[in-house]
Amino acid sequence: MKWFKAVSACCAALIVSVSLAGCAGSSTKESTGGYIDDTVVTTKVKSALFNDKDVKSSEISVVTFKGRVQLSGFVSSQKVANRAVEITRNVTGVRLVENDMQVK
C-alpha cells in the first residue's frame, strides 16, 4: 500500500508540473506551426511601428504575452492609433491586439 501512495503522489506531482509548464510558456504558435517567442514578437512590432513614417513609436508602449499585444501610450490622433493597430496586426506571431492608446 505504501508503494501505491508513493506512485500516486508522483503522478499527481507530474500532472501539476506539466500543467504549470503549459501555462508558463511565453511563446505563441505561428501559422507555420513553429513557435515564436514573445520578445521576438515585441521586437517585430516595435520595429514595424518605428519604420512607419506616420507613427511615432517612441510614444507607444508594447507589451506582449502569448501573442496578445497591448499597445498603450499617447498618440497625436485617432488615425495614428488605428494605423499602429493595423501595423501590429500584420506582424507575424500576433494573435490579438488590445488598443489602450490615448489621443493627447
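Our structure is the block above this text.
So, how was this worked out
- Residues numbered from 1 in each chain as written.
- Predicted model: local features only at pLDDT ≥ 70, side-chain atom pairs only at ≥ 80, totals over all residues.
- Heavy atoms only, no water.
- Helix = DSSP H or I, 4+ residues; strand = E, 2+ residues; numbered from the N terminus.
- Buried < 20%, exposed > 50% of the residue type's maximum accessible area, 1.4 Å probe, protein only.
- Contact = heavy atoms within 4.5 Å.
- Expected span 1.5 Å × (residues − 1).
- Arc of directions from axis to C-beta.
- Pairing = 2+ DSSP bridges.
- Core = buried A, V, L, I, M, F, W, Y, C linked by side-chain atoms within 4.5 Å.
- Axes fitted to C-alpha atoms, helices over the stretch in contact; angles between N-to-C directions.

(A) Examining the environment of serine 72 more closely. Tracing the backbone through its elements, the reader meets serine 72 in strand 4 (residues 68–75). Residue serine 72 is classed as partly exposed on the basis of its relative accessible area of 22%. Along the chain, serine 72 and valine 62 lie ten residues apart, while their C-alpha atoms are 6.8 Å from each other. The residues contacting serine 72, other than those within four sequence positions of it, are Glu59, Ile60, Ser61, Asp100 and Met101.

(B) Layout of helix 3 (residues 78–89). End to end, helix 3 covers 17 Å across twelve residues, agreeing with the expected 16 Å (1.5 Å per residue, within 8%). Among the residues of helix 3, Val80, Ala81, Ala84, Val85, Ile87 and Thr88 are the ones counted as buried. Along the axis of helix 3, the buried residues cluster in a sector spanning 165°; they form a single face. Summarising the geometry of helix 3, the exposed residues directed more than 90 degrees from the buried face are Lys79 and Arg89. Elements that come into contact with the buried residues of helix 3 comprise helix 2 (38–50), strand 3 (60–65), strand 4 and strand 5 (96–103).

(C) View of the pairing of strand 3. Only one face of strand 3 is covered, namely the one carrying Ile60, Val62 and Thr64; the face carrying Ser61, Val63 and Phe65 has none of its residues buried. The sheet contact formed by strand 3 and strand 4 spans six bridges and is antiparallel. Bridge pairing links isoleucine 60 to glycine 73 in strand 4.

(D) Quick look at unusual backbone geometry. Positive phi outside glycine occurs at lysine 66, with the angle close to 50°. Taking relative accessible area as the criterion, lysine 66 reaches 21% and is therefore assigned partly exposed.

(E) Quick peek at the nonpolar core. Residues Val45, Leu49, Ile60, Leu71 and Met101 are the most contacted members of the largest nonpolar core, which totals 19 residues. Taken together, the elements giving at least two residues each to this core come down to helix 2, strand 3, strand 4, helix 3 and strand 5. Element by element, the count of residues in this core is highest for helix 3, at five residues. Ignoring any residue separated from it by four or fewer positions in sequence, one finds leucine 49 in contact with Val55, Ser57, Ile60, Val62, Leu71, Ala84, Ile87 and Thr88.

(F) Fine view of the sheet that holds strand 4. Spatial strand order, 3-4-5: three strands in an open sheet with mixed pairing. Whereas interior strands pair on both sides, the edge strands pair on one side only; in this sheet they are strand 3 and strand 5. Strand-to-strand twist across the sheet, computed as the mean angle between neighbouring axes with direction ignored, equals 10°. Each of strand 3 and strand 4 is contacted by helix 2, which is oriented at about 155° to strand 3, the strand it contacts most. Here helix 3 sits on the sheet in contact with strand 3, strand 4 and strand 5, set at roughly 160° to strand 5.

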